[in-house]
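What follows is each chain in one-letter form.
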Amino acid sequence: MDRDEYAAAAIKGDDDALIARIQMDQSRLYGIAYSYMRNETDALEAVQETTFRVWSKRRSLRDPKVFTTWVTRILIRVCLDERKKRLRERPLRNEFLERDAQTADEHGIDRLDMAVQLKKLPSKYRMVIVLKYYRDMTITEIAELLEKPDGTIRTWLHQALKRLRANSAYGKEGMKVEWE
């Protein structure tokens, strides 16, 4: 059976087909979850929660061809929900991150640390950068996943790169930085 056949069987209620289909995408799902959660345990937990949500909502998917996009969208929502929950539970954690970023900025260290630079970006820009450059998704795939027009994704990507350049050592000195 191929991916679409497994997805079609999963939609009809075949639990074994659902497990097999999710396992086909497990490394991609884990990679996306890890890029959001920045922790192996939390990433695995997000994938597990996603699997549960997919299992409980599998009959609502109509087109088996968009199974991967559907699951990825659910995973991103799970990760964002978890991050919001953490912000409510530990309000001081954000202050520590800001202080660490300021300390790194004072010492010029953050210019070399892309993770610190990405944390400074608004979430929509950070999401597009992660999906494009860390998960090798095309602009069309990102637009489909985020349910936005291609032009919006291109604008967000352009704005994110512009902000990253402005914050980098090369961007401040006016030298051209090649990102693609």
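Definitions and limits used
- Residues numbered from 1 in each chain as written.
- Predicted model: local features only at pLDDT ≥ 70, side-chain atom pairs only at ≥ 80, totals over all residues.
- Heavy atoms only, no water.
- Salt bridge = Lys/Arg side-chain N within 4 Å of Asp/Glu carboxyl O.
- Helix = DSSP H or I, 4+ residues; strand = E, 2+ residues; numbered from the N terminus.
- Buried < 20%, exposed > 50% of the residue type's maximum accessible area, 1.4 Å probe, protein only.
- Contact = heavy atoms within 4.5 Å.
- Phe/Tyr/Trp six-rings, centres within 6.5 Å; stacked < 30°, edge-to-face > 60°.
- Arc of directions from axis to C-beta.

Examining the pattern of salt bridges
Now for step 1: The full count for this structure, using the stated rule, is 7 salt bridges.
Now for step 2: A salt bridge links D81 to R53; the nearest nitrogen and oxygen atoms lie 3.7 Å apart. Of the two residues, D81 is situated in helix α5 (residues 67–89) and R53 in helix α4 (residues 40–57); the sequence distance between them amounts to 28 residues.
Now for step 3: We classify D81 as partly exposed; its relative accessible area is 38%.
Now for step 4: For R73, the salt bridge goes to E147, with nearest N and O atoms at 3.3 Å. Here R73 is found in helix α5, whereas its partner E147 is found in the loop between α9 (139–146) and α10 (150–167), with 74 residues between them in sequence.
Now for step 5: Residue E147 is classed as exposed on the basis of its relative accessible area, which comes to 54%.
Now for step 6: Taken together, the salt bridges that share partners define one network made up of R3, R21 and D25.

Let's talk about the environment of L145
Now for step 1: Here L145 is to be found in helix α9.
Now for step 2: What makes L145 buried here is its relative accessible area of 2%.
Now for step 3: C-alpha separation for the pair L145 and W70, spaced 75 residues apart in sequence, amounts to 7.5 Å.
Now for step 4: What L145 contacts, discounting residues up to four positions off in sequence, is T69, T72, R73, I76, L131 and M137.

What about helix α1 (residues 3–11)?
Structurally, the α-helix is built with 3.6 residues per turn, so residues lying three or four positions apart point the same way.
Now for step 1: Along α1, the positions that sit buried rather than exposed are A7, A9, A10 and I11.
Now for step 2: Of the residues flanking the end of α1, it is G13, one or two places downstream, whose phi is positive at about 115°.

Digging into the packing of aromatic side chains
Now for step 1: Scanning the model with the defined rule gives 3 aromatic pairs in all.
Now for step 2: Centre to centre, the rings of Y30 and Y34 are 5.9 Å apart; their planes meet at 35°, and the pair counts as tilted. Residue Y30 and its partner Y34 are both found in helix α3 (residues 26–37); the two are separated by 4 residues, about one turn of the helix.
Now for step 3: A residue is classified by how much of its surface remains accessible, and Y34, at 34% relative accessible area, is partly exposed.
Now for step 4: Between F67 and W70, the ring centres sit 6.0 Å apart and the planes meet at 55°, which makes this aromatic pair tilted. Of this pair, F67 and W70 both sit in helix α5, 3 residues apart, which is roughly one turn of that helix.
Now for step 5: Overall, F67 belongs to the buried group, its relative accessible area being 1%.
Now for step 6: With relative accessibility at 13%, the residue W70 sits in the buried group.

Here's the deal with the side chain of R21
Now for step 1: Tracing the backbone shows R21 in helix α2 (residues 15–24).
Now for step 2: Excluding residues that lie within four positions of it along the chain, R21 makes contacts with R3, Y6, A7, F67 and T68.

Structural notes on α9
Now for step 1: Restricting attention to buried positions, one finds in α9 the residues I139, I142, A143, L145 and L146. Buried residues along α9 cover an arc of 165° about the axis, so they all sit on one side.
Now for step 2: Backbone geometry just downstream of α9 places E147 in the positive-phi region, at approximately 55°.

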